[in-house]
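Chain by chain, the residues:
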Amino acid sequence: MEAPWLDRRSDTIRVVPVPQDDYFTPEAIATFLSADWSVSTRNDRMGFFLVGPAVRHAAGHDIVSDDIVMGAIQVPGDGRPIVLMADRQPTGGYPKIATVIGPDLGRLTQARPRSLFRFVQVGLEQAVSARAAEAAGLRTQPRFEPLVRTRFTSEFLLGLNLIDGVYCS
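Thresholds applied
- Residues numbered from 1 in each chain as written.
- Predicted model: local features only at pLDDT ≥ 70, side-chain atom pairs only at ≥ 80, totals over all residues.
- Heavy atoms only, no water.
- Helix = DSSP H or I, 4+ residues; strand = E, 2+ residues; numbered from the N terminus.
- Buried < 20%, exposed > 50% of the residue type's maximum accessible area, 1.4 Å probe, protein only.
- Contact = heavy atoms within 4.5 Å.
- Areas by Shrake-Rupley, 256 points an atom, 1.4 Å probe, with all protein chains shown as cover.
- Pairing = 2+ DSSP bridges.
- Salt bridge = Lys/Arg side-chain N within 4 Å of Asp/Glu carboxyl O.
- Phe/Tyr/Trp six-rings, centres within 6.5 Å; stacked < 30°, edge-to-face > 60°.
- Axes fitted to C-alpha atoms, helices over the stretch in contact; angles between N-to-C directions.

Counting its regular elements, the protein chain contains four helices and nine strands. Ordering the α and β elements of the protein chain from the N terminus gives β-α-β-β-β-β-β-β-β-α-β-α-α. For the protein chain, buried positions account for 33% of its 169 residues. A fraction of 71% describes how many contacts in the protein chain between residues 6 or more apart in sequence connect residues 24 or more apart. As displayed, the protein chain offers around 11000 Å² of accessible surface, 56% of which is attributable to carbon and sulfur atoms.

Structural data, given as structure tokens:
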């Protein structure tokens, strides 16, 4: 069984809309959903900075600070989205355009800089179904097969560190 969160082949990251999407014009949301994005090299456990077109606000970028969930995509004044991650701040004062659904967060964290992906908007029902499918996949037991080596070639033995420490008399 392969861990689905390690799958780097997918070029889409699913998001759900948030109540603050009215801080963005319909054109800005369309740009957000149709543009190619990549993660910056400027990432850490707090946030993943996205590289792509600027997402413009409809009327200002300051809001009353509210809670931040993991995967929330905040858009500060410069229009460069940030996906907030595990060590994010508890509250924030920039509007959020969407939230990455839980099952896709692992794939996003595995994205390499300059690898392209797009955001795809899904509904709440699809997000819940994806979470249920992920949970079901995690409940299945992986199949393990022991590796039994019967031939010990000289190449194999020379590749091992068979000496533990140094003895001097």
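Turning our eyes to something else, we now look at the pairing of strand 1 (residues 12-17). Within a regular beta strand, the side chains point alternately toward one face of the sheet and then the other, so they alternate between its two faces. Sheet topology places strand 1 next to strand 9 (residues 118-121); four bridges connect them, and they run parallel. For I13, the partnering residue across the bridge sits in strand 9 and is F119. The pairing of strand 1 with strand 8 (residues 96-100) spans three bridges and is classified as antiparallel. Looking at the pairing, P17 lines up with A98 of strand 8.

Another point: the pattern of salt bridges. Throughout the structure, instances matching the rule amount to six salt bridges. A salt bridge links R14 to D104; the shortest N-O distance between them is 2.7 Å. Within this pair, whereas R14 is found in strand 1, its partner D104 is found in helix 2 (residues 102-109), the two being separated by 90 residues in sequence. We classify D104 as buried; its relative accessible area is 1%. In this structure, the salt-bridge partner of R118 is D36, at a minimum N-O distance of 2.8 Å.

A separate point is the packing of aromatic side chains. Counted according to the given criterion, the structure contains five aromatic pairs. Look at F32 and F119: their rings are 4.7 Å apart centre to centre, the planes differ by 10°, and that puts the pair in the stacked class. Of the two residues, F32 sits in helix 1 (residues 26-34) while F119 sits in strand 9, which places them 87 residues apart along the sequence. Both residues of the pair, F32 and F119, count as buried. Note on F117 and F119: the rings are 5.5 Å apart at their centroids and 85° apart in plane angle, and the pair reads as edge-to-face.

On to the sheet that holds strand 2 (residues 38-43). Here seven strands make up an open sheet; going across it, the order is 2-3-6-5-8-1-9 and the pairing mixed. One side of each edge strand has no neighbouring strand; the edge strands of this open sheet are strand 2 and strand 9. Pairs of neighbouring strands in the sheet enclose a mean axial angle of 40°, with direction left out of account. In this structure, strand 3 (residues 47-51) lies alongside strand 6 (residues 82-84), joined through three bridges in antiparallel fashion. Of the residues in strand 6, the one forming a bridge with F49 is I82.

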